[in-house]
Structures are given as structure tokens and as C-alpha cells.
Amino acid sequence: METLALQRDLDLTEIINGEEVVSPSPFSKHQSVVLNLTEIIHRHVKMNRLGKVHISPLDVILEEGTNRLQPDILFIRKENMAIDQDWIRGVPDMVCEIVSSSSYEYDTEVKKSIYEKYGVPEYWIVMPELKTIEIFTLDVVKYKLLKVAAFEGVVTSKVIEGLQVSIKDVFED
């Protein structure tokens, strides 16, 4: 079998601490959660003209050649839109990772540490298997847990003004 190389804009490769990491395509449940959460955030951001929401795959270049990640969802405030170029070249205001069993360590430790290092103001960790959302906000240079909700309840963003997300709406099929 011959392998075909696709154009660069379809690449699922990330550079994490200088190392190339290739992820498989996500499972259906992962994509359902991405879609549900993106619809909620996008509707709110658009209605309130707060900025722009993007979904993966889209490179976020935090440091050329060292850290180029593809968060599942990201938000950029309208005043920070200069970073929205061919890819995102700089620090988004919020990033979100949907955790799978194979990405748990990367999302909860490695990527969290990278986003913290570069000063991403808000980091969401979404765990479909536990129906849980954790929101971390930057407190000077370290992430601090702002809000966690599991199975039911609401999480509120500090960065996306006025955004409240019902857990049930994110994890419904």
C-alpha cells in the first residue's frame, strides 16, 4: 500500500516541546462534544461580538519549532485578532482540549503546562467519559482551578464575558 502525503493544511501533527506528535483522528463521541461546545461558545461570542472561535485542526504557534499545538477549540478576543493569521501566531485567550483515554496525560499535564508557560489566560479540560468540565485561569504565572462541574451544573468563563455553559448541553448526543 502506498502512502499519500496531503497538503499542509490537513496535517494533524503537533510540535510539543520540540518533538513532533501525530495524533489519530478523534472518535465520534469526541467530535460530538466538540460540536456541542463549539456551537454554545460560538453562538454567545457571535451574538455579543466578543471575538472569534476556531476548532481543530488549526495550528496555534506559541513558539516556532518548539510548541505548535492544535487545541480542540480556541477563542480570541476581538482586541487580539492580530494573532489570527494563516494560523494562530501567538497566545489565544482561551483554549479547550477534549480528553480521550489516549490523550489524558498530554491534555491534563503536558499541554496544560505549555499553555500555562505561554500565558494562555483560560484553559478548559473537558472529559466526556466523566461528563466533566474543568476551567483553569491564569493567576499571575500558574493555573488556578476556577470552576469544575460534573454530570450537571454550569461552568462560567472568566475570559469569554457572560458565557455560561450547562454540562447537560455539552454531553447530550
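Everything quoted here is computed from the prediction, not taken from an experiment. (Residues numbered from 1 in each chain as written. Predicted model: local features only at pLDDT ≥ 70, side-chain atom pairs only at ≥ 80, totals over all residues. Heavy atoms only, no water.)

A.B. asks: Is there a simple way to think about the layout of surface pockets in this case?
C.D. replies: Rolled over the atoms, a probe with the dimensions of a water molecule shows which regions are left empty. Its boundaries defined by the atoms lining it, the largest pocket holds a volume of some 750 Å³. Along the wall of the largest pocket there are 31 residues; nearest its centre are S23, P24, P26, H30 and S100. When residues of the lining of the largest pocket are traced back to their parent elements, those giving at least two are β1 (13-16), β2 (19-22), α1 (28-48), β8 (94-98) and α2 (104-118). Examining the composition of the lining of the largest pocket, we find that four residues originate from one element, α1, more than from any other. Its residues placed into classes, the lining of the largest pocket shows 14 nonpolar, 10 polar and seven charged. (1 Å grid on protein atoms, 1.4 Å probe; cavity = no way out; pocket = protein on both sides within 12 Å on 5 of 7 lines; lining within 4 Å. Points joined across faces, edges and corners; volume = space filled by probe spheres on them. Helix = DSSP H or I, 4+ residues; strand = E, 2+ residues; numbered from the N terminus. Nonpolar A, V, L, I, M, F, W, Y, C, P; charged D, E, K, R; others polar.)

A.B. asks: Any chance you could explain the packing of aromatic side chains here in plain terms?
C.D. replies: The way to describe two aromatic rings as a pair is by their centre distance and the angle between their planes. Considering all chains together, one arrives at three aromatic pairs under this definition. Ring plane angle 55 degrees and centroid distance 6.4 Å describe the contact between F136 and Y143, whose orientation is recorded as tilted. Considered together, F136 and Y143 belong to a single accessibility category, that of buried residues. Members of the aromatic cluster, each reached through a chain of ring pairs, are Y115, Y123, F136 and Y143. Taking the ring centre of F136 as reference, the NZ or CZ of K112 above it sits at 3.9 Å. (Phe/Tyr/Trp six-rings, centres within 6.5 Å; stacked < 30°, edge-to-face > 60°. Buried < 20%, exposed > 50% of the residue type's maximum accessible area, 1.4 Å probe, protein only. Lys NZ or Arg CZ within 6 Å of the ring centre and 35° of its normal.)

A.B. asks: Can you help me understand the environment of F151 in this one?
C.D. replies: In this fold, F151 is placed in the loop between β11 (142-150) and β12 (154-156). Taking the relative accessible area as the measure of exposure, F151 reaches 54% and is therefore exposed. F151 sits 128 residues away from S23 along the chain, and the two C-alpha atoms are 28 Å apart. With residues near it in sequence (within four places) discarded, F151 still touches L130, K131, I167 and K168. (Contact = heavy atoms within 4.5 Å.)

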